[in-house]
Amino acid sequence: MQIKADTPEQYLEQLPDSRKLALSNLRDVIRKNLPAGFTETINYGMIGYVIPHSLYPGGYHADPSLPLPFLSIASQKNYVAVYHMGIYANKDLMDWFTKEFPNHSNAKLDMGKSCIRFKHIEHIPYKLIGELASKITAEKWISLYEENYKNPKKKA
């Protein structure tokens with residue numbers, strides 16, 4: 001599902017009603033829980049939460065003209081997705097999330113490296129996603145990013 005939008009509001013307006021409600025609820029819970037320092041924007045065609053260039057002038061290593069991505073939500077063709085870069089960069093956070101997920105949803109966890117997929121919107125654990133959003137500050141994300149992506153440690 002390719003959506004052309006310049007703002008999160010425009011993104012949401014283009015969704016079918018069922019997806020609009022789910023993405024609006026995700027957006028609300030993320031915005032309520034996300035620590036200071038992140039900015040909401042459209043990033044890679046999704047609603048994204050990024051570290052702006054004003055806080056991290058180097059931007060994203062794959063394209064320094066873009067702000068440093070952290071978390072995104074999207075309506076894909078067959079599912080709603082939450083992309084959380086920190087969960088991929090921080091094993092403790094990944095372990096916490098995979099342990100907590102069954103306590104918040106009856107669905108089987110469908111997850112890639114940083115993508116959490118929900119094929120049925122009624123299985124979205126909004127409270128858990130809000131808690132996940134709260135776990136990493138902007139400063140901590142910059143540190144994790146530099147450690148894992150920008151300057152990865154060489155392994156022997």
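Provided above is the structure to which this section pertains.
Caption draft 1: Highlighting helix H4 (residues 91-100). Of the positions making up H4, those classed as buried are Leu93, Met94, Trp96 and Phe97. Buried residues in H4, looked at end-on, bunch into an arc of 165 degrees, giving them a common side. The outward face of H4, more than 90 degrees from its buried face, is lined by the exposed residues Lys91, Asp92 and Lys99. Against the buried residues of H4 lie strand E4 (80-84), helix H3 (85-89), strand E5 (110-111), strand E6 (115-118) and helix H5 (126-134). Residue asparagine 90 occupies the N-cap position of H4, its side-chain oxygen lying 3.0 Å from the main-chain nitrogen of aspartate 92.

Caption draft 2: Looking closely at the sheet that holds strand E2 (residues 46-51). Ordered by their spatial adjacency, six strands build an open sheet running E1-E2-E3-E4-E6-E5, and the pairing between neighbours is antiparallel. Unpaired on one side and paired on the other, strand E1 (39-43) and E5 mark the two borders of the sheet. Pairing between E4 and E6: four bridges, direction antiparallel. Residue pairing across strands places valine 82 opposite isoleucine 116, the latter belonging to E6.

About the thresholds
- Residues numbered from 1 in each chain as written.
- Predicted model: local features only at pLDDT ≥ 70, side-chain atom pairs only at ≥ 80, totals over all residues.
- Heavy atoms only, no water.
- Buried < 20%, exposed > 50% of the residue type's maximum accessible area, 1.4 Å probe, protein only.
- Helix = DSSP H or I, 4+ residues; strand = E, 2+ residues; numbered from the N terminus.
- Arc of directions from axis to C-beta.
- Contact = heavy atoms within 4.5 Å.
- Polar contact = N/O pair within 3.5 Å; in protein donor to acceptor, adjacent residues only side chain to side chain.
- Pairing = 2+ DSSP bridges.

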